[in-house]
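The primary structure of each chain is shown beneath.
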Amino acid sequence: MDHLFGLLSLINLQQVSLQDHDVNTIIDTFLALLIAIDVHELSHALVADSLGDDTPRLAGHITLNPFRHMDQFGILLLIMLSVIGTGFAYGFTPVNETTLRRKTRFGPAIVSLAGPMANLLLAALVAIPLSHYGVNLSTGAATLYGNEQLYNFLVLLFVYNVFLAVFNLIPLPPLDGWTIVSAFLSRRTVYEMRSLIQYGPLILLLLFVFEPNTHILGNTVYPIRDWVANQLLRL
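This one's a predicted model, so the numbers in the text were calculated from it and none came from an experiment.

Asker: Mind showing me how you'd approach the overall build of the chain here?
Answerer: Along the backbone of the chain there are 11 helices and two strands. Secondary structure of the chain in N-to-C order comes out as α-α-α-α-β-β-α-α-α-α-α-α-α. Relative to its 235 residues, the chain shows a buried fraction of 46%. Taking contacts inside the chain between residues at least 6 apart in sequence as the whole, the part at least 24 apart equals 72%. Of the roughly 12000 Å² of accessible surface on the chain, 64% is carried by carbon and sulfur atoms.

Asker: Help me understand helix 11 (residues 221-233) in this model?
Answerer: Over its 13 residues, helix 11 extends 18 Å from the first C-alpha to the last, a length consistent with the 18 Å expected when each residue adds 1.5 Å. Val221, Tyr222, Arg225, Val228, Ala229 and Leu232 are the residues of helix 11 that are buried. Each buried residue of helix 11 lies within a common arc of 125 degrees when the element is viewed along its axis, so the set occupies one face. At its buried positions, helix 11 is contacted by helix 4 (107-130), helix 5 (148-167), helix 8 (194-209), helix 9 (211-214) and helix 10 (216-219).

Asker: Can you help me understand the pattern of salt bridges in this one?
Answerer: Two side chains with opposite charge may pair up if their charged atoms get near one another. What the rule picks out here adds up to three salt bridges. Here Asp49 makes a salt bridge to Arg57, at a shortest N to O gap of 2.7 Å. The exposure class assigned to Arg57 is partly exposed, which follows from its relative accessible area of 47%.

Asker: Whenever I open this one, the packing of helix 1 (residues 23-50) against helix 3 (residues 72-84) confuses me. Can you help?
Answerer: Between two packed helices, both the angle of their axes relative to each other and the distance between the axes serve to describe the pair. In contact at an axis separation of 8 Å, helix 1 and helix 3 are set at 140 degrees when each is read in the N-to-C sense. By the angle class used here, helix 1 and helix 3 are oblique. Handedness of the crossing formed by helix 1 with helix 3: right-handed. Across from Ile26, Thr29, Phe30, Leu33 and Leu34 in helix 1, the residues of helix 3 making contact are Leu78, Ile79, Leu81, Ser82 and Val83. Split into classes, the residues belonging to the contact of helix 1 with helix 3 amount to eight nonpolar, two polar and no charged.

Asker: How should I be thinking about the packing of aromatic side chains in this particular structure?
Answerer: Given two aromatic rings, their pairing is described by the distance between the two centres and the angle made by the two planes. Across all of its chains, the model carries five aromatic pairs by this definition. Ring centres of Phe106 and Phe184 lie 5.3 Å apart, and the angle between their planes is 65 degrees; on these two criteria the pair is classed as edge-to-face. In this pair, Phe106 sits in the loop between helix 3 and helix 4 while Phe184 sits in the loop between helix 6 (176-182) and helix 7 (187-192), placing the two residues 78 residues apart along the sequence. Under the relative-accessibility criterion, Phe184 is labelled exposed at 58%. For the ring pair Phe163 and Phe167, a centre distance of 5.5 Å and an interplane angle of 25 degrees mean the geometry is stacked. With Phe163 and Phe167 both in helix 5, this residue pair falls four residues apart, about one helical turn.

Asker: In this structure, what is going on with helix 4? I would like to understand it.
Answerer: Residues that lie three or four places apart on an α-helix share one face, since the helix turns once every 3.6 residues. With 24 residues, helix 4 should reach 34 Å at 1.5 Å per residue; the first-to-last C-alpha distance of 35 Å fits that figure. The largest bend along helix 4 measures about 25 degrees and falls at Ala114, with the proline Pro116 one to four residues further on. The element helix 4 is extensively covered by neighbouring structure, given that 17 of its 24 residues are classed as buried.

Asker: So what exactly am I meant to see when it comes to the nonpolar core here?
Answerer: A general tendency of soluble globular proteins is for nonpolar side chains to be buried together. Ranked by size, the top nonpolar core spans 43 residues in total, and within it Phe158, Val162, Phe167 and Val221 carry the most contacts. Listed by contribution, the elements that provide at least two residues to this core are helix 1, helix 3, helix 4, helix 5, helix 8 and helix 11. The next biggest cluster of nonpolar side chains, apart from the first, holds five residues, and it includes Ala48, Leu51, Val95 and Leu100.

Asker: Is there a simple way to explain unusual backbone geometry in this structure?
Answerer: Peptide bonds are trans in most cases, and residues, glycine excluded, mostly fall at negative phi. Look at the link from Pro173 to Pro174: it is a cis peptide, with omega at 10 degrees. Position of Pro174 relative to the elements: it lies in the loop between helix 5 and helix 6. At Tyr145, a residue that is not glycine, the phi angle is positive and equals roughly 55 degrees. The topology assignment puts Tyr145 in the loop between strand 2 (142-143) and helix 5. For Tyr145, a relative accessible area of 67% translates into the label exposed.

Asker: Mind showing me how you'd approach a nonpolar patch on the surface here?
Answerer: Judged by side-chain polarity, Tyr199, Leu202, Ile203, Leu205, Leu206, Val209 and Phe210 come together as a nonpolar surface patch covering roughly 610 Å² of accessible area. Position of Leu205 relative to the elements: it lies in helix 8. Using a relative accessible area of 34% as the deciding quantity, one classes Leu205 as partly exposed.

Conventions used here
- Residues numbered from 1 in each chain as written.
- Predicted model: local features only at pLDDT ≥ 70, side-chain atom pairs only at ≥ 80, totals over all residues.
- Heavy atoms only, no water.
- Helix = DSSP H or I, 4+ residues; strand = E, 2+ residues; numbered from the N terminus.
- Buried < 20%, exposed > 50% of the residue type's maximum accessible area, 1.4 Å probe, protein only.
- Contact = heavy atoms within 4.5 Å.
- Areas by Shrake-Rupley, 256 points an atom, 1.4 Å probe, with all protein chains shown as cover.
- Expected span 1.5 Å × (residues − 1).
- Arc of directions from axis to C-beta.
- Salt bridge = Lys/Arg side-chain N within 4 Å of Asp/Glu carboxyl O.
- Axes fitted to C-alpha atoms, helices over the stretch in contact; angles between N-to-C directions.
- Parallel < 35°, antiparallel > 145°, perpendicular 65-115°, else oblique.
- Left-handed = near helix turned anticlockwise from the far one by under 90°.
- Nonpolar A, V, L, I, M, F, W, Y, C, P; charged D, E, K, R; others polar.
- Phe/Tyr/Trp six-rings, centres within 6.5 Å; stacked < 30°, edge-to-face > 60°.
- Bend = angle between axes of the 7 residues up to and from the residue.
- Core = buried A, V, L, I, M, F, W, Y, C linked by side-chain atoms within 4.5 Å.
- Patch = residues over 30% accessible without salt bridge, like charges linked within 9 Å, V, L, I, M, F, W, Y side chains within 5 Å.

Structure (C-alpha cells):
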C-alpha cells in the first residue's frame, strides 16, 4: 500500500508572508493546501488505475473530492496548520502494487512519481498569471488583475504545490521519493533497510521539530524548493 505523508511547514517565498495570519490568510492557506493534496493524491489514484490497479477506484479515490483522500485526523491537522501557520498535514491513496499491469519494479515508482509531477504541473500553470502581477500604488501591495486577495491565494497555491512536490521526492519512507529510489535497489537491500521504513515517519517529524537547531531542511530541501519555484516563475 502506498501512502503519502506530506509534511508541510511554514513557507515564505518572495512576497509571501504568513506573519499577519488573519482570517483571509487562514482560509486561503486551507484551500491552497486542500487543492495541493487533492491534486497529488488524485494523480496517484489515476495512474495506478491506468496501470491496472482498481484499488483506488474501489476505495473511492478517483474523485476531485479532497476529503476522500484524507481521514478525520488528517483534516484536523490541516485545519490546525492553517490556523497556526505551521505544522504538518497528510493525504493518502491506497495502492496494491501486486495488481499493477506493468509487473516490474518500476510500476510503483511510476505511480509515486505521478503525485509530485502533478503538483509541479499545477504550480507551473499558476505561475503564468503570477508573472503578470501588479502593485496597488496606494498600499504597495501586490495584486492580480487589481485583486490583492486573489494574488495572495495564488501565491500560496503556487508555493505549497512546489514544496509538496520537492519534499515528497526525499528518498525517505513513507514519501514518494523512497518508493522511486526503491525501484533501483535490490529486494535484499530494501529488506535490509526495513528499520528505516519502520521509523521513517518519526524521522521526518523529528526533522521538522529540530529544524530550528539543525537547519537540515533549510540547507537542502528549501534551497531546492526556491530554485524550482524561481525556474517556474521564469517560464
